[in-house]
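Observations on the three-dimensional arrangement
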Amino acid sequence: EVQLQASGGGSVQAGGSLRLSCAASGLTSDDYAVGWFRQAPGKEREGVACISRRDGNTFYADSVKGRFTISSDNDANTVFLQMDSLEPEDTAVYYCAAVPFVVPTSLARAATIDFYAYWGQGTLVTVSS
């Protein structure tokens with residue numbers, strides 16, 4: 001059984017930082033892509049960042065570029081999302097998702113919900129002004 005678990009959320013003031021983790025288990029291969037999505041109250045889920053474990057390529061939404069960094073600890077089967085200079089607009093439930101044997105070739109593709117096969121339950125990030 002494939003499982004993804006997102007953790008590391010919390011409450012911070014604007015300008016603060018958080019580091020989210022996405023731990024994967026049950027995957028039969030390390031050839032997969034992992035994406036981070038977020039969903040704010042009353043809004044649709046949107047793509048934030050993505051990393052390909054095959055080639056190491058990363059993608060970022062314009063709204064977080066320069067502030068968020070996605071990385072992978074392959075030995076621990078964990079993907080991280082380092083979030084710096086947080087803004088109230090970043091408040092949302094953050095989800096991680098994974099898909100095996102597929103390499104995203106564009107931001108638009110990496111941010112498509114249907115691209116991914118597995119999803120975690122999400123972790124809440126609250127940023128106050």
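Counting from 1, residues in each chain are numbered in the order their sequence is written. Given that this is a predicted model, residues contribute local features only at a pLDDT of at least 70 and side-chain atom pairs are listed and counted only at 80 or more, while totals for whole chains, interfaces and linings are drawn from all residues. Only heavy atoms go into the side-chain values, all of them from the structure, while hydrogens and water stay out.

Within the chain, the secondary structure is distributed over 1 helix and 11 strands. Numbering of helices and strands runs from the N terminus; a helix is a DSSP stretch of H or I covering at least four residues, while a strand is a stretch of E covering at least two. Going from the N terminus to the C terminus, the chain shows its helices and strands as β-β-β-β-β-β-β-β-β-α-β-β. Atoms counted for the radius of gyration: C-alpha only. Globule rule: 2.2 Å times residue count to the power 0.38. Relative to the compact-globule value of 14 Å for 129 residues, the chain shows a C-alpha radius of gyration of 14 Å, a close match. With the C-alpha coordinates aligned to their principal axes, the bounding extent of the chain is approximately 45 × 25 × 25 Å. In this scheme, a residue with accessible area under 20% of its type's maximum is buried, one over 50% is exposed, and one in between is partly exposed, where area comes from a 1.4 Å probe on protein chains only. When each of the 129 residues of the chain is scored for burial, the buried share is 41%.

Its place among the elements puts serine 21 in strand 3 (residues 18-25). On the basis of relative accessibility, which here comes to 18%, the residue serine 21 falls in the buried class.

Moving on, we come to the sheet that holds strand 3. Here, strands pair whenever DSSP counts at least two bridges between them. In spatial order, the strands read 1-3-8-7; together these 4 strands make up an open sheet with antiparallel pairing. Because the sheet does not close on itself, it has two edges, and the strands there are strand 1 (3-7) and strand 7 (68-73). When the angles between neighbouring strand axes are averaged without regard to direction, this sheet yields 15°. Pairing between strand 1 and strand 3: 5 bridges, direction antiparallel. All axes are obtained by fitting lines to C-alpha atoms, using only the stretch in contact for helices, and the reported angles, taken between N-to-C directions, cover 0 to 180 degrees.

Here, a salt bridge means any Lys or Arg side-chain nitrogen found within 4 Å of an Asp or Glu carboxyl oxygen. Within this structure, the stated rule accounts for 5 salt bridges. For glutamate 46, the salt bridge identified is with arginine 38, shortest N-O distance 2.9 Å. Note on glutamate 46: relative accessible area 37%, which makes it partly exposed. For arginine 38, a relative accessible area of 6% gives the class buried. In this structure, the salt-bridge partner of lysine 65 is aspartate 62, at a minimum N-O distance of 3.5 Å. Judged by its relative accessible area of 52%, lysine 65 is exposed. Taking relative accessible area as the criterion, aspartate 62 reaches 64% and is therefore assigned exposed. One salt-bridge network, in which partners are shared between bridges, spans Arg38, Glu46, Arg67 and Asp90.

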